[in-house]
Amino acid sequence: PAKLVGGRGRGGRTSRGIPSTGAGTPLITLPDVTTSSEGGLLGMALHPDFATAPYVYVVYNYTETGVYLEKLVRLTYANGTLGAPLVLLGNIPATSTHSGSRLLILPDRTLLMSTGDAQQQPQAQNPASLNGKILRLNLDGTIPANNPTPGSAVSTLGHRNPKRLARSPAAQP
């Protein structure tokens, strides 16, 4: 079977690949991905109902007016390509290191997104900052009503540079 693969730090190239053969078909190159050291395309997740909701979530670094940032974007898979980018969350401060970001969709249909402290260690403990956190969003980018702080995407704080997200099979949503 084919699967979507992304090239972390490779300038935003995303392909549909066949792991057993290594063959791949390019789907999109995100034009605003900025690579720098550890930065670039950082994470990807497919909507759990991909057959009926063909969305691909990606998180990556970009530059806006000379400032290096991070954002979460939802793409739509149609006609053999990815397109229709919709920014769900953006303007997160980033640096070339400690901008680690990964995505994980939970059974309750919420999306976890990790963010690094962007070399600003005190921000990881600042609840008003999105850096150094595990963020939790609905799949449409809104904030779940049952997040720890109402109206905040922050689920947990105090992380230096999280580069992995996993869910225990025994964990409840």
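The structure this text deals with has already been given above.
Before going into details, it helps to say that this report is about the structure given with it. (Residues numbered from 1 in each chain as written. Predicted model: local features only at pLDDT ≥ 70, side-chain atom pairs only at ≥ 80, totals over all residues. Heavy atoms only, no water.)

## A word on the nonpolar core
Working step 1: By size, the foremost hydrophobic cluster in this structure holds 17 residues, and its most contacted members are Tyr-57, Leu-72, Leu-89, Leu-103, Leu-111, Met-113 and Leu-135.
Working step 2: Every element with two or more residues in this core is listed here: β4 (41-46), β5 (55-64), β7 (81-93), β8 (103-105), β9 (110-114) and β10 (133-138).
Working step 3: Sort the elements by how many residues they give to this core and β7 lands first, with three residues.
Working step 4: Not counting chain neighbours up to four residues away, the residues in contact with Leu-103 comprise Gly-43, Met-44, Ala-45, Tyr-57, Val-58, Val-59, Leu-72, Leu-111, Leu-112, Met-113 and Leu-165. (Core = buried A, V, L, I, M, F, W, Y, C linked by side-chain atoms within 4.5 Å. Buried < 20%, exposed > 50% of the residue type's maximum accessible area, 1.4 Å probe, protein only. Helix = DSSP H or I, 4+ residues; strand = E, 2+ residues; numbered from the N terminus. Contact = heavy atoms within 4.5 Å.)

## Concerning the pairing of β9
If a strand is regular, its side chains alternate between the two faces of the sheet.
Working step 1: The element β9 is largely enclosed, with a buried count of five among its five residues.
Working step 2: Neither face of β9 is left uncovered, since the one carrying Thr-110, Leu-112 and Ser-114 and the one carrying Leu-111 and Met-113 both have all their residues buried.
Working step 3: Pairing between β8 and β9: three bridges, direction antiparallel. Across the sheet, the residue bridging to Ile-105 is Leu-111, located in β9.
Working step 4: Between the end of β8 and the start of β9, which pair antiparallel, lie four residues, with Arg-109 showing a positive phi angle near 65 degrees.
Working step 5: Of the strand pairs in this sheet, β9 and β10 are connected by five bridges, and their pairing is antiparallel. (Pairing = 2+ DSSP bridges.)

## Here's the deal with the environment of Ala-45
Working step 1: With respect to the element layout, Ala-45 can be found in strand β4.
Working step 2: Taking C-alpha positions, Ala-45 is 8.7 Å from Tyr-55, a pair spaced ten residues apart along the chain.
Working step 3: If we skip the residues at most four places from it in the chain, Ala-45 touches Tyr-55, Val-56, Tyr-57, Leu-103 and Ile-105.

## Side note on the pattern of salt bridges
Working step 1: The final tally for this structure, using the stated rule, is two salt bridges.
Working step 2: Here Arg-109 ties to Asp-49 by a salt bridge, and the two come within 2.8 Å at their closest N and O atoms. With Arg-109 in the loop between β8 and β9 and Asp-49 in the loop between β4 and β5, this residue pair connects regions lying 60 residues apart in the sequence. (Salt bridge = Lys/Arg side-chain N within 4 Å of Asp/Glu carboxyl O.)

## Details of the sheet that holds strand β6 (residues 67-78)
Pairing between the strands of a sheet comes from backbone hydrogen bonds, and it takes one of two forms, parallel or antiparallel.
Working step 1: Pairing is antiparallel across the open sheet formed by four strands, whose spatial order is β4-β5-β6-β7. The sheet terminates laterally at β4 and β7, the two strands that pair on one side only. Averaged over all neighbouring strand pairs, the angle between strand axes comes to 25 degrees, with direction disregarded.
Working step 2: As judged from the five bridges shared by β4 and β5, these two strands associate in the antiparallel manner. Across the sheet, the residue bridging to Leu-41 is Tyr-60, located in β5. (Axes fitted to C-alpha atoms, helices over the stretch in contact; angles between N-to-C directions.)

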